[in-house]
Amino acid sequence: MTASRYYHITTFGCQMNKADSERMAGILEDMGFAYSEDPNEADLVLYNTCTIRDNAEQKVYSYLGRQAKRKHEKADLTLIVAGCVAQQEGEQLLRRVPELDLVMGPQHANRLQDLLEEVFAGNQVVATEPIQIMEDITKPRRESCVTAWVNVIYGCNERCSYCVVPNVRGVEQSRTPESIRAEMEELGRLGYKEVTLLGQNIDAYGRDLPGVTETGRHLHTLTNLLDYVHDVPGIDRIRFATSHPRYFTERLIRACKVLPKVCEHFHIPFQSGDNEILKAMKRGYTREKYRQIIDKIREYIPDASISADAIVGFPGETEEQFENTLKLVEEIGFDRLNTAAYSPRPNTPAALWDNQLSEEVKSDRLQRLNHLVATQAAEKSQRYLGRIEEVLVEEQNPKDLAQVMGRTRGNHLAFFPGKIEELKGKLVDVKITEIRAFSLTGEIFCKL
Ligand code: SAH
Ligand code: SF4
Ligand code: F3S
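Residues numbered from 1 in each chain as written. Chains lettered and ligands numbered in written order. Predicted model: local features only at pLDDT ≥ 70, side-chain atom pairs only at ≥ 80, totals over all residues. Heavy atoms only, no water.

Draft legend 1. Examining the site of ligand 3 more closely. Close contacts around ligand 3 come from Gly13, Cys14, Asn17, Cys50, Thr51, Ile52, Cys84, Arg169 and Gln200, and that covers them all. Tallied by class, the residues present in the shell around ligand 3 amount to 4 nonpolar, 4 polar and 1 charged. (Near = heavy atom within 4 Å. Nonpolar A, V, L, I, M, F, W, Y, C, P; charged D, E, K, R; others polar.)

In structure tokens form, the structure reads like this:
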């Protein structure tokens, strides 16, 4: 049967948005829509948007402009903006792009069907009021059939002075351990092998759930959750992101060490290596505390892979303060670092300060940091040469069909010769024979 209606989703932004898109796609397929790769062939176009930096937001407007134009020829086109720009702009988006049918914030993702019914009844709908997020009722249409995202906590209660996320994602809402486990069990049954537990500040998991221990501590924590879901049948690997240095615990490191399915990879953004800047960012920790966390991780798990995010050119950052970031990066030796130049965001305190730096200074610092990171990551990955790494095979290598690709436990991309029909979803021991800038290459290791 060919579908009578087609949908297209383009997703911008982080893993939370990707997970939301997969759930919205599931809802649309349930409603009888079929996926179209090409937005210009679709009857319903949904942009799931990101506003973390200005360039992310601007990209959305240019995509949207093209579809708004198309709607003048195809009046029955349904045009939707979901995600963080939708939440930030709300009604104003309708004024800017009157062709829009639906503007929906991230908390409303699971309500897509209800909202669309209002649209099909002839209304232009804006859904951005804060709500209690509904538990999933539909099957997400997941991008991969090997690895899957599972949200554990929505929103963020921090108030980092540069960040829009608390404004657009709302307050923290943890899912219950039972519903998280139930989703993972279903994934296990469907043949998924790896799950990444998601939260903007995953260490906050459980703070908002009822229940305290005898000593007055929260009953539900990320560490307890990892314990609770660890034996889900079929799931071989568990990851989690993103960790916040302020709340990161030694208990969590211990759990990662003793729970074999939990991968030895930590994503812990530090943002700046300078204490004054960290204070102005309202991050709530110092560079010393950050270093202690990494030292602790390496004490328990010497080979753990460590990644992070950093911002350069925060308002008022001096050359010396920027150099403290370079120094921290040198001292730690990251496997991967996501870097960004500071971008002033609406309704965030730092955007209003009068000590903003010029674009030239910011981009110069960004280049210098990126250069250091590239050299360092290349050096760090040399340690894998000749080693046997466990790779979970996800896909064929699109650039070399004789190869398959997957990730090591440390989250490094790895390629090796093999047939995808035989290897998809398998954990394979791979001997690493070649190190590239962002990937490892190897061959299947046969135990004799
Ligand atoms: N919750 C995570 C980060 C979420 S946003 C944490 O607390 O670390 C992802 C990354 O975008 C951040 O780590 C930060 O490095 C970057 N970022 C956020 N706001 C930014 C801004 N205004 N300008 C530049 N980069 C920003
Ligand atoms: Fe933004 Fe800070 Fe929350 Fe991360 S912890 S999402 S940087 S406010
Ligand atoms: Fe972007 Fe929203 Fe994620 S602003 S980074 S999509 S939480």
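Back to the text.
Draft legend 2. The pattern of salt bridges, seen in detail. Enumeration over the complete set of coordinates arrives at 36 salt bridges. The residue Glu183 makes a salt bridge to Arg142 at a minimum N-O spacing of 2.7 Å. Here the residue Glu183 occupies a position in helix H7 (residues 177-189), and Arg142 occupies one in the loop between strand E6 (125-127) and strand E7 (147-151), the gap between them amounting to 41 residues. The pair formed by Glu183 and Arg142 is uniform in burial state, with each residue classed as buried. In the salt-bridge network here, residues are joined through shared partners; they are Glu194, Arg237, Arg239, Glu264, Glu390 and Arg409. (Salt bridge = Lys/Arg side-chain N within 4 Å of Asp/Glu carboxyl O. Helix = DSSP H or I, 4+ residues; strand = E, 2+ residues; numbered from the N terminus. Buried < 20%, exposed > 50% of the residue type's maximum accessible area, 1.4 Å probe, protein only.)

Draft legend 3. Up close: the domain arrangement of the protein chain. The domains assigned to the protein chain are domain 1 (5-127), domain 2 (147-382) and domain 3 (385-444). When each unit is reduced to the centre of its C-alpha atoms, the spacing between domain 1 and domain 2 is 28 Å. Facing the 19 residues of domain 1 at the interface are 21 residues of domain 2. Between domain 1 and domain 2, a total of about 1,700 Å² is buried, with carbon and sulfur atoms accounting for 55% of that surface. (Domains from an automatic or database assignment. Contact = heavy atoms within 4.5 Å. Buried area = accessible area lost by both parts, 1.4 Å probe.)

Draft legend 4. Structural view of helix H9 (residues 250-258). Every buried residue of H9 is listed here: Leu252, Ile253, Ala255 and Cys256. Here the buried residues of H9 occupy an arc of 160° about the axis, which is enough to place them on one side. If you follow the buried residues of H9, they end up packed against helix H8 (222-229), strand E11 (237-241), strand E12 (265-267) and helix H11 (287-300). (Arc of directions from axis to C-beta.)

Draft legend 5. Representation of the side chain of Asn17 in the model. Summarising the element assignment, Asn17 is placed in helix H1 (residues 15-30). Residue classification places Asn17 among the buried positions, given a relative accessible area of 1%. A distance of 3.0 Å separates the side chain of Asn17 from the backbone oxygen of Phe12, its partner in a polar contact. Looking at Asn17, its side chain comes within polar contact range of the side chain of Arg169, at 2.3 Å. If we ignore the near neighbours within four places in the chain, the residues touching Asn17 are Thr11, Phe12, Asn48, Thr49, Cys50, Gly83, Cys84 and Arg169. (Polar contact = N/O pair within 3.5 Å; in protein donor to acceptor, adjacent residues only side chain to side chain.)

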